[in-house]
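Understanding the architecture of this molecule
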Amino acid sequence: MLVLARKPNQSIMIGDDIEIKVIEVKGDQIKLGIQAPKHIAVHRKEVYEEIKKANIEATKSKKSESTFKKIADLLKKNRVEDKK
Amino acid sequence: MEKYIDTPDGKIAVDENERIFFPEGIYAFENLRNFYILKMDNDNVFHLLQSEERPEIAFIIINPYLFKKDYVLNVREEDLKYIKILSEEDAEKNLAVFTIVTINENSMTANLLGPIIINLKEKIGKQALALNEEYSTKHDILSEIENNKEIREALGVSTG
């Protein structure tokens, strides 16, 4: 990992199109501004990690077909009742 | 064209034309590109997003509008463009939204933070990140439903 030290209002360029700017430093919190082309997604890392973890956990789900049928019936019933 | 794919429940017949291509796979499974959507029940409540490349990988998915009346799909426009949904008309006609379900001993939850969006016409899909900060990866499906005691019993889930 490349480590660079920046002061507030200083920036880092990643390639030609991505800019990360230190907006403000308050205690142990750093506010960063990010400018990137629209097709590049920018998210907090924890979000990515959380989704990956959830996907992996989901593949371990195991339930019988009949259970799903029962739940589907109940969800359907729930929908029909709403229409009243 | 019919063919057979391997699934955790054995070989299933599928129509090759129904294959959905995920150019980026889904998070944690980025190298899995080809999926089929299989039925799980006759009311089309649950489906299985079945990987073709790895037969043991299959995700239970559900349309979030079915259990959350106020569900809003709030993802980057770029994500919709990526699967070739370019207009509201496109979205109305061809966009399918699913959330991945996790079941364990005590709960059934849906991942609202990472919805699966699919263009049913172009057969392209992707997992997008929701911009709604209050959505979680473990949204309790059961609590959204009134008679959840019945459902918990059906699931064989403890009420504790």
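See above for the structure.
Conventions and cut-offs
- Residues numbered from 1 in each chain as written.
- Chains lettered and ligands numbered in written order.
- Predicted model: local features only at pLDDT ≥ 70, side-chain atom pairs only at ≥ 80, totals over all residues.
- Heavy atoms only, no water.
- Salt bridge = Lys/Arg side-chain N within 4 Å of Asp/Glu carboxyl O.
- Buried < 20%, exposed > 50% of the residue type's maximum accessible area, 1.4 Å probe, protein only.
- Helix = DSSP H or I, 4+ residues; strand = E, 2+ residues; numbered from the N terminus.
- Contact = heavy atoms within 4.5 Å.
- Patch = residues over 30% accessible without salt bridge, like charges linked within 9 Å, V, L, I, M, F, W, Y side chains within 5 Å.
- Areas by Shrake-Rupley, 256 points an atom, 1.4 Å probe, with all protein chains shown as cover.

1. Some words on the pattern of salt bridges
Residues and elements named next belong to chain B.
- Across all of its chains, the model carries 15 salt bridges over all chains by this definition.
- A salt bridge links Arg54 to Glu56; its shortest N-O distance comes to 2.9 Å.
- Note on Arg54: relative accessible area 36%, which makes it partly exposed.
- It is possible to trace a salt-bridge network through shared partners that takes in Lys3, Glu16, Arg19 and Glu52.

2. Points about the environment of Met108 of chain B
- Tracing the sequence through the fold places Met108 of chain B in strand S8 (residues 107-110).
- Overall, the relative accessible area of 0% leaves Met108 of chain B in the buried class.

3. Quick word on the side chain of Asp79 of chain B
Residues and elements named next belong to chain B.
- With respect to the helices and strands, the residue Asp79 is situated in helix H1 (residues 77-82).
- Asp79 sits in the buried class, given a relative accessible area of 5%.
- Among all residues touching Asp79, those that are not within four sequence positions of it are Ile117, Lys126, Ala128 and Leu129.

4. Overview of a nonpolar patch on the surface
All names here are of chain A.
- On the surface, a cluster of nonpolar side chains totalling about 500 Å² of accessible area is made up of Val25, Ile30, Leu32, Ile34, Ile40 and Val42.
- It is strand S3 (residues 29-35) that provides the largest number of residues to the nonpolar patch, a total of three residues.
- Along the polypeptide, Leu32 turns up in strand S3.

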